[in-house]
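Coordinates in review
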Amino acid sequence: MTNVVRPRLPEGARVYAIGDIHGCADLLEDTFARIDADRARSAAVQAVEVYLGDLIDRGPATRRVIDMLIERAGRRKIVCLKGNHEELAIRFLGSPRCFSEWSGLGGRETLISYGLVPVARQPDEMVALANAFGAALPPAHRNFLVGLPTFYSCGDFFFVHAGVKPGVPLERQRETDLLWIRQEFLDWDAPFEKMIVHGHTPVREPDFRENRINIDTGAYATGMLTCLRIEGDTLRLV
Ligand SMILES: [Mn+2]
């Protein structure tokens, strides 16, 4: 019989992990309230909120979501991770030709939230739109997007947007895998070095596996933004 050791956080640490927000400010506001109520019921020595990336795009209120997260960071310990959508938005600023790819994945909603008209067919129109986006983006938002880390590790847990490349040590993962990987990671059922908590691939309900936990419940389409609380070896949905 195998001796199953459940992954755990260090004594006194609590993590609230939040799935892909995708521009849904109202759902984020509701999640803030749920976390605050949970903290009021039981105080933690050290609580950190980890937002798993894809904060932007698809939903209607990317600009407000970023404002809310920046404001939240002023009074709570939070970590916002980079998702593939944040990568695309940043890339568009320097490479206007990726407009078609980004806009099709929900970037047009982000541009609209910054007061822009997301139409560009010719290369020169894409350059003009990228410049307009750069001008419309408050410096604090640009710094926020550019400065996002790609993972957060605590105790036996590893938080990341998309997943990790099987067979590669966590400390040697490539950013493109952390932000984009899908089937190769999802199909892998052997243990990783740590329990991987991730988003990126929507599921109907939080998916608890032996080696990973997917909490992307497709908020922008379902209205469900999942928040998972981890303390010790105890997992609970908030
Ligand atoms: Mn994603």
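This write-up is about the structure you can find in this document. (Residues numbered from 1 in each chain as written. Predicted model: local features only at pLDDT ≥ 70, side-chain atom pairs only at ≥ 80, totals over all residues. Heavy atoms only, no water.)

Here's the deal with the coordination of the manganese ion
The manganese ion binds to the protein through Asp-54 (OD), Asn-84 (OD1), His-161 (NE2) and His-200 (ND1), with metal-donor distances spanning 2.1 to 2.2 Å. Spacing between the donor residues of the manganese ion along the chain follows D-x29-N-x76-H-x38-H. With a gap of 77 residues between them, Asn-84 in helix H3 (residues 84-94) and His-161 in the loop between strand E5 (157-160) and helix H7 (175-180) connect regions that are remote in the sequence. Taken as a pair, Asn-84 and His-161 share a single burial class, namely buried. (Donors = N, O, S within 2.8 Å, 3.2 Å for Na, K, Ca; no water. Helix = DSSP H or I, 4+ residues; strand = E, 2+ residues; numbered from the N terminus. Buried < 20%, exposed > 50% of the residue type's maximum accessible area, 1.4 Å probe, protein only.)

Quick look at the sheet that holds E5
Overall, mixed pairing links the five strands, which are arranged E4-E5-E6-E8-E7 in an open sheet. Both edges of this open sheet fall to strand E4 (151-154) and strand E7 (207-208), since each of them pairs with a single strand only. Across two bridges, E7 lies against strand E8 (residues 212-214) in antiparallel orientation. Bridging across to E8, Asp-207 finds its partner in Asn-214. (Pairing = 2+ DSSP bridges.)

Quick notes on helix H4 (residues 99-113)
The end-to-end C-alpha distance of H4, which contains 15 residues, comes to just 16 Å, noticeably less than the 21 Å that a straight helix rising 1.5 Å per residue would cover. At Gly-106, H4 is bent by approximately 85°, the largest bend along its length. Listing the buried residues of H4 in full gives Phe-99, Trp-102, Ser-103, Gly-106, Gly-107, Thr-110, Leu-111 and Ser-113. Among the structural elements, helix H2 (62-73), H3 and helix H5 (123-136) are those in contact with the buried residues of H4. In the segment just after H4, Gly-115 is the residue with positive phi, at about 80°. (Expected span 1.5 Å × (residues − 1). Bend = angle between axes of the 7 residues up to and from the residue. Contact = heavy atoms within 4.5 Å.)

A word on the packing of aromatic side chains
In this structure the tally under the stated criterion is ten aromatic pairs. Geometrically, the ring pair formed by Phe-151 and Phe-158 is stacked, given 5.1 Å between the ring centres and 15° between the ring planes. With relative accessibility at 39%, the residue Phe-151 sits in the partly exposed group. Residues Tyr-152 and Phe-159 carry aromatic rings whose centres are separated by 6.0 Å and whose planes lie at 40° to one another, so their mutual orientation is tilted. Aromatic rings pair up to connect Phe-92, Phe-99, Trp-102, Tyr-114 and Phe-133 into one cluster. We note Arg-72 situated over the ring of Phe-32; from NZ or CZ to the ring centre the distance is 4.2 Å. (Phe/Tyr/Trp six-rings, centres within 6.5 Å; stacked < 30°, edge-to-face > 60°. Lys NZ or Arg CZ within 6 Å of the ring centre and 35° of its normal.)

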